[in-house]
Every structure is written in C-alpha cells, then in structure tokens.
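Summary of the model geometry
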Amino acid sequence: MITGLPDIVRDLPGLRARVAAWRRAGESVAVVPTMGALHEGHLSLVRRAAADADRVIVTIFVNPRQFNSQADLDAYPRTEEADRLKLAGQGADIVYVPDGATVYPPGFATTVEVAGLSEGLCGAYRPGHFAGMATVVTKLFTQTTADLAYFGQKDFQQLCIVTRLAADLDLQIKVIGCPTLRETDGLAMSSRNTRLSAEARAVASSLYAELQRVAGRLAGGAAMSACLEDAKAAIVAGGYQAVEYLELRAEADLAVLDRPDVPARLLVAAWLDGVRLIDNIAIAAAA
Ligand code: PAF
C-alpha cells in the first residue's frame, strides 16, 4: 500500500468544502499550480509548500488558453495517475483536477492581461500565452483561496507576471518563486524534456552551459552585445535549431538592460529537436 497519497478532487464544491474545513481548523493553505507531467522540480515546490503551510493543494490542469497551437496542446503529456503516485509522501493533501467547464464555464468572457511584463521575451513569440496563463492562474487562486502559491523560477517571466497580477488585483495570496531544479548535466527540469530524442537530450545541457559562460564573461567586463551574439552562435553550433531570444533583463521588473548594473536575469528560449526550451540564470550587479 502506498501511503501519503493525496486525494483527487475534480469539482469546485468539493474543493471548497475541503478548504472550508481546513479554515475552520485555523489551517493555512498553499497551492502549487501545474499542468501535470510532474518532475522533481514540481515535487520540490510541493515539499517547500508543505514546509510553509498546514495544507497543500496541487492543481493539474492543461490549460488550452495558454497554448499557441492545437498540436502543442495535443502533444502535452497527460499522466494523471503517475503524477498522483509521484506526489505520495511529498506533503500534498489534494490534487485538484478540474475539467475545462469547471475552469471556463459556458459564457466565460474574462481575460486577465498584465501589460508590460507580458510583452517581449516569451510574450513576443507566444501571442496570447501569458493572457491565458494569467487568466487560469487567477481562477486557480480564487477557486482554491490559498494563502501561498509556489512557482519555479525557470519560468521567470511567468513568475513576474503572477506576482504582479496578485498585487494588482489585491488577491490575498503570497507568490513565492523557488529555484530551478537541474538534471546532473545542468539542463533545467521541464515536462518538455521528455519529448527530446536521446540524441537531442545528449546536447541539451549546452543551453545552460552557454548561460554560465555569458555570466562569466560579463563578470569579467566583456561587452554585452558581443557576449550575447557569441552565445547565440554557440547554442546553434551545439545542436539547437534556433535561438528565439537571449536577453539580459532587470530582475525586479524585466526592464531591458544594456549592461548588468542592477541585479539581472539572463533569459533564453531556443528550439531543440522541435521542442521549445527556456532557461535563465541570475546575474549579479556589476560593481
Ligand atoms: O507553469 C505552468 O505549468 C503553467 O503555466 C501554470 C502556472 C500551471 C498555469 O497553467
């Protein structure tokens, strides 16, 4: 028998009843929003949530509104039972798995858009993605009424947008960003990694290696545009098909930077084996 398996809840009244009972007992509630296909990165968020809050809800909803193509949505892995087993003993109380109509009931007509932060970087290449993401996250926050929410820093632009929307809409929730977990060769953990062929997987970690190389060169005083152009060429030479962007942005508000004079993030999106991978690292402010 497997112990510590979370209960599956699929309907909103059922979710609300569980949360209401926790509230009556004076317990705090955390949420870890996911689209399933859980990996160790997600599990680390769940463990952190369980350390901080009395109760933890993991949501699994493959949100059609944040995909740019039907093919990408169809290809997204759906592994609900395996996900539940992976959550055993991690500290989750409930896996909330709503269907489409529970999130977007008939007549649903509201979109949450966060201006500024949603433009550029991934927003420039995935029109509508962040509006779809922000809308579903707002729904998941209001449905769960959680006090705390956990997101990985791998999706750094997403984390900034969610933090902004929670503040702008006066949502009573604290958004907490957690470090990116990496495979032993440095590749950022992602549900999309499972779609890489063995050959592609063998070269995938060059993306992170190039981010680190740029960080080292910038710390040594090298000119930023040359560093970024060299790194883009090296990523492609290393086996990636294309680099969508490689940019330095301010950590606080994603402002465009031409030198690392404030705490920053170096962010990248690139295509490998028909799979779009993203990553980023922190860059300390130059003295
Ligand atoms: O990061 C994700 O998996 C998704 O964008 C999220 C936050 C679960 C919203 O669908």
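Data block above holds the structure.
Summarised in this report is the structure supplied together with it. (Residues numbered from 1 in each chain as written. Predicted model: local features only at pLDDT ≥ 70, side-chain atom pairs only at ≥ 80, totals over all residues. Heavy atoms only, no water.)

Tallying secondary structure elements over the chain gives 11 helices and nine strands in all. By the compact-globule yardstick of 19 Å for 287 residues, the chain fits well, its C-alpha radius of gyration being 19 Å. Across its three principal axes, the chain shows a C-alpha extent of roughly 60 × 40 × 40 Å. Within the span of the chain, comprising 287 residues, buried residues form 52% of the whole. Here the contacts in the chain between residues at least 6 apart in sequence split such that 73% fall between residues at least 24 apart. Carbon and sulfur atoms make up 54% of the accessible area of the chain, which amounts to about 12,700 Å² in all. Of note, the chain has its 28 positive side-chain charges centred 2 Å away from the centre of its 33 negative side-chain charges. (Helix = DSSP H or I, 4+ residues; strand = E, 2+ residues; numbered from the N terminus. Rg over C-alpha atoms; globule rule 2.2 N^0.38 Å. Buried < 20%, exposed > 50% of the residue type's maximum accessible area, 1.4 Å probe, protein only. Contact = heavy atoms within 4.5 Å. Areas by Shrake-Rupley, 256 points an atom, 1.4 Å probe, with all protein chains shown as cover. Lys, Arg positive; Asp, Glu negative; His and termini not counted. Charge placed at Lys NZ, Arg CZ, Asp CG, Glu CD.)

It is worth spelling out the packing of aromatic side chains at this point. Under the definition given, this model contains five aromatic pairs. Through a chain of ring-to-ring contacts, three or more aromatic side chains come together here, namely Phe61, Tyr104 and Phe108. Just above the ring of Tyr104 sits the side chain of Arg65; from NZ or CZ to the centre is 4.2 Å. Sitting over the face of the ring of Tyr208, Arg182 holds its NZ or CZ atom 3.7 Å from the ring centroid. (Phe/Tyr/Trp six-rings, centres within 6.5 Å; stacked < 30°, edge-to-face > 60°. Lys NZ or Arg CZ within 6 Å of the ring centre and 35° of its normal.)

This part covers the pairing of strand E6 (residues 174–178). Bridging between strand E5 (residues 148–152) and E6 involves five bridges; their strand directions are parallel. Bridge pairing in E6 links Phe151 to Gly177. Assessed by its sense of winding, the connection that carries the chain from E5 through helix H8 (residues 156–168) to E6 is right-handed. (Pairing = 2+ DSSP bridges. Right-handed = clockwise from strand over helix to strand, strands pointing away.)

A separate point is the packing of helix H10 (residues 206–219) against helix H11 (residues 224–237). At a minimum axis separation of 10 Å, H10 and H11 run at an interaxial angle of 160°. One element, H10, and the other, H11, form an angle in the roughly antiparallel class. Seen from above, H10 lies across H11 with right-handed handedness. Contacts from Leu207, Glu210, Arg213, Val214, Arg217 and Leu218 of H10 reach H11 at Met224, Ala226, Cys227, Leu228, Asp230, Ala231, Ala234 and Ile235. Its residues assigned to classes, the contact of H10 with H11 shows 10 nonpolar, no polar and four charged. (Axes fitted to C-alpha atoms, helices over the stretch in contact; angles between N-to-C directions. Parallel < 35°, antiparallel > 145°, perpendicular 65-115°, else oblique. Left-handed = near helix turned anticlockwise from the far one by under 90°. Nonpolar A, V, L, I, M, F, W, Y, C, P; charged D, E, K, R; others polar.)

All right, on to the site of the ligand then. In the vicinity of the ligand, the residues found are Pro33, Thr34, Met35, Gln66, Met133, Val136, Val137, Phe151 and Gln158. A distance of 2.6 Å separates an oxygen atom of the ligand from a polar atom in the side chain of Gln66. The set of elements that each furnish at least two residues to the shell around the ligand consists of strand E2 (29–34) and helix H7 (129–144). Broken down by element, the shell around the ligand gets its largest block of residues, three residues, from H7. Of the residues that constitute the shell around the ligand, the class distribution is six nonpolar, three polar and no charged. (Near = heavy atom within 4 Å. Polar contact = N/O pair within 3.5 Å; in protein donor to acceptor, adjacent residues only side chain to side chain.)

Nothing here speaks to function; it is all geometry.
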